[in-house]
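# Examining the three-dimensional arrangement
Each chain is listed here by its residues.
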Amino acid sequence: MPDHSVATGFLAGHDFARLLSALAGQGYRCIGPTVRDGALVYDTLGGVEDLPTGVQISQGPGSFRVEFNQGTRHFDWANGPQALKPLLFTSREILWQVQRSADGELQFSQQDPEPVPTAVIGVRACDLAALRLQDRHFVEADVPDVGYTARRRRLFLVAVNCSRPADTCFCASTGDGPAATRGYDLVLDELDDGFIASAGSKRGNELLALLPLQPVSAEQRQAAAEATEGAVAMQHRQLPGRNLRDQLFANLDHPQWEVVATRCLSCGNCTSVCPTCFCYREVDQPALDRESARHYREWDSCFTQGHSYIHGFVVRPDTRLRYRQWLTHKLGGWHDQYGRSGCVGCGRCITWCPVGIDITEEVSAIAAVPT
Amino acid sequence: MTIASHFPYEAEVIERCQESPTIFTLVLRLTDPVIASEYRFTPGQFNMLYLFGVGEIPISIVSDPERPGKLIHTIRDVGRVSHGFSQLGVGDRIGLRGPFGRGWPLVQLEGQDIMIVTGGLGCAPVVSVINYILRRRERYGRLVILQGVKHSSDLIWRERYAEWEKQDNTQVLLAADVGGTPWPGFVGPITVLFEHARFNPQQTVAMMCGPERMIHAAADVLVERGLQAWDIWISMERNMQCAVGQCGHCQFGSSFVCRNGPVYRYPDAGELLAKRGF
Ligand SMILES: Cc1cc2nc3c(=O)[nH]c(=O)nc-3n(C[C@H](O)[C@H](O)[C@H](O)COP(=O)(O)OP(=O)(O)OC[C@H]3O[C@@H](n4cnc5c(N)ncnc54)[C@H](O)[C@@H]3O)c2cc1C
Ligand code: SF4
Ligand code: SF4
Ligand code: FES
């Protein structure tokens, strides 16, 4: 059996561009973090210069600010609003199309997806954990999702261990970070003068072989380990337990649901940024000549009125019931359906909630485990 | 190849019947002979029917599983897609994918007494059961059918009920919240019918569908009368977009109604059924 977990080396900062060109040389389009309009978005990288440099991000409930320090690091921040989700489970996608002939016959067809192989630079541990869950949902399903599966197969993942979590992060409490432990092709520890690069797959190993690596020194190893320990210590938010299913379902009439509902706008921001949320609706779009139609799916949210509409009645007409649905599913139902909680502690729903609702506070009020 | 995926196949309307001012039946045939020959279903399962340029809706299959070449769907005209279907005639084409979900455990229940409870507009999923049992009457014991409707004029297939009632060892009871004339049944909620139903709770299995509050109330009465909650089966309805357990719309507690249901053992759904919002 090939042992590929051991391939590790130090990649000097000025050689980082070689990583991107090696990936490009293997036919990958490189996607990575870029600063745009005061936020951080994952987009195609022309080169290392497109990566954020000396950027730090300050996040809090309902707030996200890009700040500049004098540093040389590219990944000295935790995460932006997007994770891998929009790359794989795209926000809008055609499922099939239908052509109607003059005598009314219908011909349904599906395009074979041929996605461009894509390498993502700067994947976080929480995103890998979320990816694992989305894979279970869309790929390891009775009816695998064709588009997602095709894109997933052509994905190369370069993870970066977190050294500076956001104020909103709580991956240490869910067991999903801050260091990436599996599910990547390469993982990087960022130091001031370069990266410790380690392979996590055969493809990762092959890529490392193309790079000018130096042996990793004991000090470098020590610095990386300390960065991870520091990243754990910096996190002060947490969920009151890893499996809260029983406490949540035992507290369906807790008054806190009403309290949070008076603040929540039912906007669905939280479900859009959440890397594990998978709800979608299907929409049919006829062409103007009425001879063909395209059938799309697009992201939906359990916070909308239409989500639970059945003729003549809405199962969840108010915000209290919708917030409760979201939380009891994410932290409760997921344990039965996917063998773990649906929260990986990325904190995005806290940052991107316009009124700053904090999932960890709400859960602690509703499902505090008596110790 | 399975047709129970995201992708629809063409089906042709081969018969159409208006059952009431708002209810109609479409008999469908899959036009691809290979797909048609592979198609199998069990009563209680449903198809996603697609109207060109408008959308897809979940509709129960009420025909007999041993005649999968003719797929019968009885539809109430309530909105966008169902109204469009009501305008179709013989020869028109639609899209069909399915069958989805878990159906009724009819084979497993052979030899038992069967009680069927349906209320409101939720009759389609159990119509398949009644049809199935009546065609194989000797394989089942006593058959009790309790049907509640809002208004006496909502009851379709009056002649069929009269016909069913004449069968051996079969009891049919009707109730309407609002009675009309002539109305052969009782006036009041469906639970009034249980006082008149003759059944042996030791050997009866109940199958129900309809408004969830009714299901809950009826299950309470049955359990009081000595039926095991375990022996009560229900069929549920939720918004459905994908029918393959992926869009999240039919989420019910820890299950997807399209995949784990729509037919459930009552205790598997019971507690959440009583809660608003799931
Ligand atoms: C498992 C199952 C079996 C069903 N079997 C039958 C049947 O045999 N006969 C019958 O008449 N009806 C049946 N229904 C209900 C039927 O699906 C709805 O009446 C239908 O979806 C209404 O769509 P519409 O576009 O006409 O109405 P609108 O009110 O315009 O609805 C708009 C959209 O909302 C969604 N929606 C609305 N109501 C429902 C609903 N009850 N369930 C799921 N999605 C809904 C659909 O996407 C629909 O296109 C069944 C529902 C389920 C879940
Ligand atoms: S629930 Fe919030 S913290 Fe948890 S994974 Fe989703 S967005 Fe991240
Ligand atoms: S919790 Fe916040 S982000 Fe989520 S729906 Fe409510 S207001 Fe929007
Ligand atoms: S209908 Fe999409 S998950 Fe059930």
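Residues numbered from 1 in each chain as written. Chains lettered and ligands numbered in written order. Predicted model: local features only at pLDDT ≥ 70, side-chain atom pairs only at ≥ 80, totals over all residues. Heavy atoms only, no water.

## Quick notes on the sheet that holds strand β11 (residues 194-199) of chain A
Residue and element names in this part refer to chain A.
- In space, the seven strands of this open sheet follow the order β1-β11-β10-β9-β8-β2-β3, with mixed pairing throughout. With partners counted over all chains shown, the strands left at the sheet margins are β1 (8-12) and β3 (39-44), one partner each. Ignoring strand direction, the axes of neighbouring strands in this sheet form an average angle of 25 degrees.
- Pairing of strand β2 (residues 29-36) with β3 involves six bridges; the strand directions are antiparallel. Considered in β3, the bridge of arginine 36 is made with alanine 39.
- Across the face of the sheet, helix α1 (residues 16-25) comes into contact with β1, β2, β8 (118-123), β9 (155-160), β10 (186-191) and β11 while running at roughly 150 degrees to β8. (Pairing = 2+ DSSP bridges. Helix = DSSP H or I, 4+ residues; strand = E, 2+ residues; numbered from the N terminus. Axes fitted to C-alpha atoms, helices over the stretch in contact; angles between N-to-C directions. Contact = heavy atoms within 4.5 Å.)

## Quick notes on the pairing of strand β13 (residues 292-299) of chain A
Residues and elements named next belong to chain A.
- In terms of burial, β13 is largely enclosed, as seven of its eight residues are buried.
- Here seven bridges tie strand β6 (residues 92-100) to β13, and the two strands are oriented antiparallel to one another. Counterpart to glutamine 97 in the pairing with β13 is arginine 294.
- Direction of pairing for strand β12 (residues 280-286) relative to β13: antiparallel, over a ladder of seven bridges. The partner of glutamate 282 across the bridge, within β13, is arginine 297.
- Between β12 and β13, which pair antiparallel and follow one another directly, the connecting turn spans five residues, one of which, arginine 290, has a positive phi of 60 degrees. (Buried < 20%, exposed > 50% of the residue type's maximum accessible area, 1.4 Å probe, protein only.)

## As for the domain arrangement of chain B
Residue and element names in this part refer to chain B.
- The assigned domain composition of chain B is domain 1 (9-100) and domain 2 (113-273).
- Centre-to-centre, using C-alpha coordinates, domain 1 lies 22 Å away from domain 2.
- In total, about 1,700 Å² of surface goes out of reach between domain 1 and domain 2, with carbon and sulfur atoms giving 58% of it.
- For domain 1, the biggest contributors to the area lost against domain 2 are Val62, Asp64 and Arg76; these three give 26% of the whole.
- Connecting domain 1 to domain 2 are three salt bridges.
- Arginine 135 is the partner of aspartate 64 in a salt bridge, and the nearest nitrogen-oxygen pair spans 2.9 Å.
- Run the count over domain 1 and domain 2 and you get six residue pairs in polar contact (both at pLDDT 80 or more).
- Listing elements by their share of the side of domain 1 that touches domain 2, those giving two or more residues are β3 (46-51), β4 (55-60), β5 (71-76) and β6 (93-100). (Domains from an automatic or database assignment. Buried area = accessible area lost by both parts, 1.4 Å probe. Salt bridge = Lys/Arg side-chain N within 4 Å of Asp/Glu carboxyl O. Polar contact = N/O pair within 3.5 Å; in protein donor to acceptor, adjacent residues only side chain to side chain.)

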